[in-house]
Structures are given as structure tokens and as C-alpha cells.
Amino acid sequence: MASFEDIGLGCPEIPLQETSTKKTIKTETESGYLRTRARSVRSFKKFSLKFTQLSDVQLQSLLTFFDVNAGESFVFQHPVTLALYNVVFDAEELSYSYNELRKVSVDVSLREVW
């Protein structure tokens, strides 16, 4: 299985945004009461990574990794806790921009899968 760390981007900008989500099913009765239950037994995490000082070589490595692994799961190691997660790219696109120092900024969204 591919690993996100194999790209060689280094540590993303801190603070690292992490979201924990647990889907629920909500049903409202005719009398106005709300019933809820968990859609699944397990929650999942989303990670928003921001890189602001990538070189052209690092950008090409990221784009190649995205082309090969979009829609496929791969391993992501959390840069703070060092925990390993099986994730996919959360978006179907990867946009980036160049800054005045010819460095590249890119935001990457990952979603945990099991």
C-alpha cells in the first residue's frame, strides 16, 4: 500500500486541522420529537494539510502521487501523534498556487477509510 510520507513533502504547516465525524440518522416524528441513532459504529477523521513552501520537484511528486492514488486508499502518518491512518484524497481535484519566491502552496484534504 502506498504511503503519503513517501512523497517527501516534510511536515505540513501547524496548526494541523483535524475533524472527527460520526454520521447519524435523524427522524422527526409528527409530534415534533427527534429520534437519532448512529449510522455506523465507528467515527472517521478528516485531515486538512497545508504546505506553503514546496519546490517544483516536490509539487511534481505530489501530483504524480495524486494521479496514481486518487480513489485508492493509502497510509498517512499523523505528524504530531505519529498514528497511522488508511486514507483517501477527500477531493477530486488538487489546486495549488505559486508565491513570489517561486515556492508552491497547496492544501490537501484526506479522509479516513476502513
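A few words on the pattern of salt bridges. One pass over the structure, following the stated rule, counts four salt bridges. For Lys 45, the salt bridge is made with Glu 18, and the minimal N-O distance between the two is 3.1 Å. Taken together, the residues Lys 45 in strand β4 (residues 44-54) and Glu 18 in strand β1 (residues 17-21) connect sequence positions 27 residues apart. Among the residues examined, Lys 45 registers a relative accessible area of 23% and is labelled partly exposed. With its nearest N and O atoms 3.9 Å apart, the salt bridge here joins Asp 90 to Lys 46. Taken together, the residues span a long stretch of sequence, with Asp 90 in the loop between β6 (84-89) and β7 (96-98) and Lys 46 in strand β4 at a distance of 44 residues.

So, on to the pairing of strand β8 (residues 104-112). Because side chains alternate across β8, one face comprises the buried residues Val 104, Val 106, Val 108, Leu 110 and Glu 112, and the other comprises Ser 105, Asp 107, Ser 109 and Arg 111, none of which is buried. In the sheet, β4 pairs with β8 via seven bridges, with the strands oriented antiparallel. Along β8, the bridge assignment pairs Lys 50 with Asp 107. As judged from the three bridges shared by β6 and β8, these two strands associate in the antiparallel manner. Bridge pairing in β8 links Val 87 to Glu 112. Judged from the three bridges that link them, β7 and β8 form a sheet pairing that is antiparallel.

Conventions used here
- Residues numbered from 1 in each chain as written.
- Predicted model: local features only at pLDDT ≥ 70, side-chain atom pairs only at ≥ 80, totals over all residues.
- Heavy atoms only, no water.
- Salt bridge = Lys/Arg side-chain N within 4 Å of Asp/Glu carboxyl O.
- Helix = DSSP H or I, 4+ residues; strand = E, 2+ residues; numbered from the N terminus.
- Buried < 20%, exposed > 50% of the residue type's maximum accessible area, 1.4 Å probe, protein only.
- Pairing = 2+ DSSP bridges.

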